[in-house]
Amino acid sequence: MSPAPRFVPLARLLHWLMALLLLAQLLVGVAMMASLTLRPPLIALHRPLGLALLVLVLLRLWVRRRHPPPTLPADLPRWQAAAARASHLLLYALMLALPLLGWALTSAAGNVVPLPGAVQLPAIAPHDPLLYAWLRDAHGLLAWVLLASVLGHLAAALHHAWVRRDGVFEAMAGGRPLPSPGAD
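A brief structural summary. (Residues numbered from 1 in each chain as written. Predicted model: local features only at pLDDT ≥ 70, side-chain atom pairs only at ≥ 80, totals over all residues. Heavy atoms only, no water.)

1. So, helix α3 (residues 78-108)
With 31 residues, α3 ought to run about 45 Å at 1.5 Å a step, and its terminal C-alpha atoms sit 43 Å apart, in line with that. G110, located one to two residues past α3, shows a positive phi value of around 85°. (Helix = DSSP H or I, 4+ residues; strand = E, 2+ residues; numbered from the N terminus. Expected span 1.5 Å × (residues − 1).)

Here it is in structure tokens:
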């Protein structure tokens, strides 16, 4: 089995950095909703993490455009290839939408998003309690959709690594592909 083409190193770095930040962001988000005591410091952490993820996803999309991902194996069933494309589209859409929704709901609440150096992001939505409530619900719902999408992505990656052993996982992980089943 010849080694599969790999993602460029910057794409791999961004993928794994964003995976860690997304996991942290989801955990912080759940903890914010569970604890009134910890809510203020967690919000103070959640907002800059969201902005960092927004910047990173934009950078990642730029890298992906300049360096397209490796092609999927030719023997991958069509429905799985279509599901892979759709799930990546969904992941990117959610990684863009969630920080923007968070910024908008912060604006609708009448709050600001501070940046280092006493700089603040401008409001992107009017101060409106009803809009805030709607955006907060949408943000929460889409966060659960993101979690489900990430779990599906992880399941598919493990399927490629442990069942198919087709180099798809290794293309992002940077490791050596496992031998094909039955290859000695």
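There is more to say, and it comes next.
2. Details of the packing of α3 against helix α4 (residues 129-164)
Viewed as axis vectors pointing N to C, α3 and α4 meet at an angle of 150°, and their least axial separation amounts to 8 Å. Relative to α4, α3 is oriented roughly antiparallel. The hand of the α3/α4 crossing is left-handed. For the contact of α3 with α4, a count of residues per class yields 18 nonpolar, six polar and two charged. (Axes fitted to C-alpha atoms, helices over the stretch in contact; angles between N-to-C directions. Parallel < 35°, antiparallel > 145°, perpendicular 65-115°, else oblique. Left-handed = near helix turned anticlockwise from the far one by under 90°. Nonpolar A, V, L, I, M, F, W, Y, C, P; charged D, E, K, R; others polar.)

3. Observations regarding the nonpolar core
In this structure, M18, V57, M95 and L146 are the most contacted members of the largest nonpolar core, which totals 21 residues. Looking at this core, the elements with two or more residues in it are α1 (9-34), α2 (39-66), α3 and α5 (168-173). Membership of the second largest hydrophobic core comes to seven residues, among which are L105, A108, L135 and A138. (Core = buried A, V, L, I, M, F, W, Y, C linked by side-chain atoms within 4.5 Å. Buried < 20%, exposed > 50% of the residue type's maximum accessible area, 1.4 Å probe, protein only.)

4. Comments concerning the side chain of S149
In this fold, S149 is placed in helix α4. The residues contacting S149, other than those within four sequence positions of it, are L90, L91 and L94. (Contact = heavy atoms within 4.5 Å.)

5. Description of α1
An ideal rise of 1.5 Å per residue puts 38 Å on 26 residues; α1 measures up with 38 Å between its terminal C-alpha atoms. Of the positions making up α1, those classed as buried are A11, L14, H15, M18, L21, L22, Q25, L26, V28, G29 and M32. Its buried side turned inward, α1 meets α2, α3, α4 and α5.

6. Focus: the environment of S107
Note on placement: S107 falls in helix α3. Given a relative accessible area of 5%, S107 falls into the buried group. Along the backbone, S107 and H127 are 20 residues apart, and their C-alpha atoms lie at a distance of 6.1 Å. Apart from residues lying up to four places away in sequence, S107 is in contact with P122, A123, I124, A125, P126 and H127.

7. Re the side chain of H15
You can see H15 is positioned in helix α1. With a relative accessible area of 11%, H15 lands in the buried category. Not counting residues up to four positions away in its chain, the partners in contact with H15 are R60, H153 and M172.

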